[in-house]
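# Analysis of the macromolecular model
This is what each chain is made of:
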Amino acid sequence: MFKQDTERGEEALIEAVNQEAGKLIELLRCSDAPDSALADATHHIQAAMEILSPYLQHGKEWSAVSIASDTPGPGWLEEDLTRCMPFSPVSGRRNPVAPPIRLWRDGDEVRGETTFSPTYAGPPNSVHGGVIAAVFDELLAMANVVSGAAGFTGTLTIRYHRRTPLDRPIELWAVNERNTGRKQLSRGEMRVDGKVTASAEGLFILPASSRRS
Ligand SMILES: CC(C)(COP(=O)(O)OP(=O)(O)OC[C@H]1O[C@@H](n2cnc3c(N)ncnc32)[C@H](O)[C@@H]1OP(=O)(O)O)[C@@H](O)C(=O)NCCC(=O)NCCSC(=O)Cc1ccccc1
């Protein structure tokens, strides 16, 4: 059974069920189960879907709910930056497709760690390049947030130095290099055992429309 956190209550439960769903995705991705087991699992998954479907939220309002200020619970914690985007497909603890990522503020920089399961595989034993890009998008955006300005991704350039392995601890690092008017320039790295496997540079821009409003 899920262990309830007495202080965080519902929040702990919603995160726990998402984590279980993430493990389910990994089991499906890696499973060599026979048809009988797959049929049984399908039955149980359908039962869970029936329980949840009455609570499905549709429409603009729900898709706009993506930042912590839209949800109950602590939104901004410097030691746990992923809290401010609980529904993110990259780091959100309320999104079962997100890998388990931790991000925290370290002065002007953002640091973090993650381990990618085979759910995120691209080449053999390695993380998918698109997943790496997605993680950098969020990591660099967070470095901008920490620096006090956060625009939309305009351009994101990734250099894949060597393969990023699955099932190994990955170090994440990013910093905002420059804020000029509406533009923020940031860069980041992924490292394994101290060696850079991928690096990124991003130009983030505040849209003209956000200035007028
Ligand atoms: C915002 C902007 C990129 C630009 O705004 P506009 O008002 O149209 O800009 P305007 O035309 O006034 O030009 C101003 C200056 O900027 C320059 N410049 C313009 N564009 C580019 C460019 N692409 N690349 C490079 N430079 C560009 C332009 O030449 C000019 O330069 P100048 O001053 O002459 O030297 C807009 O096109 C847009 O919304 N695109 C979609 C963005 C999107 O969907 N991103 C993905 C989702 S967000 C995400 O994932 C992050 C995240 C993660 C996690 C959590 C949270 C966030």
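Residues numbered from 1 in each chain as written. Predicted model: local features only at pLDDT ≥ 70, side-chain atom pairs only at ≥ 80, totals over all residues. Heavy atoms only, no water.

## A look at the domain arrangement of the protein
Splitting the protein by domain gives domain 1 (1-55) and domain 2 (61-212). Between domain 1 and domain 2, the residue contacts involve eleven residues of the former and twelve residues of the latter. Between domain 1 and domain 2, a total of about 960 Å² is buried, with carbon and sulfur atoms accounting for 54% of that surface. Three residues, Glu 11, Glu 15 and Asn 18, lead the burial of domain 1 against domain 2; their summed loss comes to 44% of the area buried on that side. (Domains from an automatic or database assignment. Contact = heavy atoms within 4.5 Å. Buried area = accessible area lost by both parts, 1.4 Å probe.)

## Considering the environment of Val 146
On the secondary structure map, Val 146 appears in helix H4 (residues 129-147). We classify Val 146 as buried; its relative accessible area is 9%. Sequence-wise, Val 146 and Val 110 are 36 residues apart; in three dimensions their C-alpha atoms are separated by 7.7 Å. Val 146 has contacts with Trp 76, Leu 81, Arg 105, Gly 107, Asp 108 and Val 110, leaving out every residue within four places of it along the chain. (Helix = DSSP H or I, 4+ residues; strand = E, 2+ residues; numbered from the N terminus. Buried < 20%, exposed > 50% of the residue type's maximum accessible area, 1.4 Å probe, protein only.)

## Comments concerning the site of the ligand
In the vicinity of the ligand, 14 residues are found, and the nearest of them are Asp 137, Thr 153, Thr 155, Lys 183 and Ala 208. In the model, an oxygen atom of the ligand is placed 3.0 Å from a nitrogen or oxygen of the Arg 182 side chain. A distance of 2.9 Å separates an oxygen atom of the ligand from a polar atom in the side chain of Lys 183. Burial of the ligand by the surrounding chains reaches 46%, relative to a free accessible area of 1,100 Å². Of all the secondary-structure elements, those providing two or more residues to the shell around the ligand are H4, strand S3 (152-160) and strand S6 (195-205). Per element, the largest residue contribution to the shell around the ligand is four residues, and it comes from S3. Residue classes in the shell around the ligand are distributed as seven nonpolar, three polar and four charged. (Near = heavy atom within 4 Å. Polar contact = N/O pair within 3.5 Å; in protein donor to acceptor, adjacent residues only side chain to side chain. Areas by Shrake-Rupley, 256 points an atom, 1.4 Å probe, with all protein chains shown as cover. Nonpolar A, V, L, I, M, F, W, Y, C, P; charged D, E, K, R; others polar.)

## Structural notes on unusual backbone geometry
A positive phi is found at Asp 167, a non-glycine position, where the angle reads about 55°. You can see Asp 167 is positioned in the loop between S3 and strand S4 (170-180). Classification of Asp 167 by relative accessible area gives partly exposed; the value is 49%. A positive phi is found at Asp 193, a non-glycine position, where the angle reads about 50°. Among the structural elements, Asp 193 can be located in the loop between strand S5 (183-192) and S6.

## As for the sheet that holds strand S2 (residues 109-114)
Reading across the sheet, the six strands line up as S1-S2-S4-S5-S6-S3 and stay open at both edges, with antiparallel pairing between neighbours. Pairing within the sheet leaves two strands with one partner each, and these edge strands are strand S1 (101-106) and S3. In this sheet, neighbouring strand axes are inclined to one another by 20° on average, regardless of whether the strands run parallel or antiparallel. One ladder, built from nine bridges, connects S4 with S5; its direction is antiparallel. Across the sheet, Asn 179 pairs through a bridge with Gln 184, a residue of S5. (Pairing = 2+ DSSP bridges. Axes fitted to C-alpha atoms, helices over the stretch in contact; angles between N-to-C directions.)

## Observations concerning the pattern of salt bridges
By the definition in use, this model includes twelve salt bridges. As a salt-bridge pair, Arg 111 and Asp 106 come within 2.7 Å of each other at their nearest N and O atoms. Of the residues examined, Arg 111 reaches a relative accessible area of 25% and is grouped as partly exposed. Using a relative accessible area of 37% as the deciding quantity, one classes Asp 106 as partly exposed. (Salt bridge = Lys/Arg side-chain N within 4 Å of Asp/Glu carboxyl O.)

## Details of the packing of aromatic side chains
With the rule as written, the count across this model stands at one aromatic pair. With 6.0 Å between their ring centres and 70° between their planes, Phe 116 and Tyr 120 make a pair best called edge-to-face. Per residue, the accessibility class of Phe 116 equals that of Tyr 120, and both read buried. (Phe/Tyr/Trp six-rings, centres within 6.5 Å; stacked < 30°, edge-to-face > 60°.)

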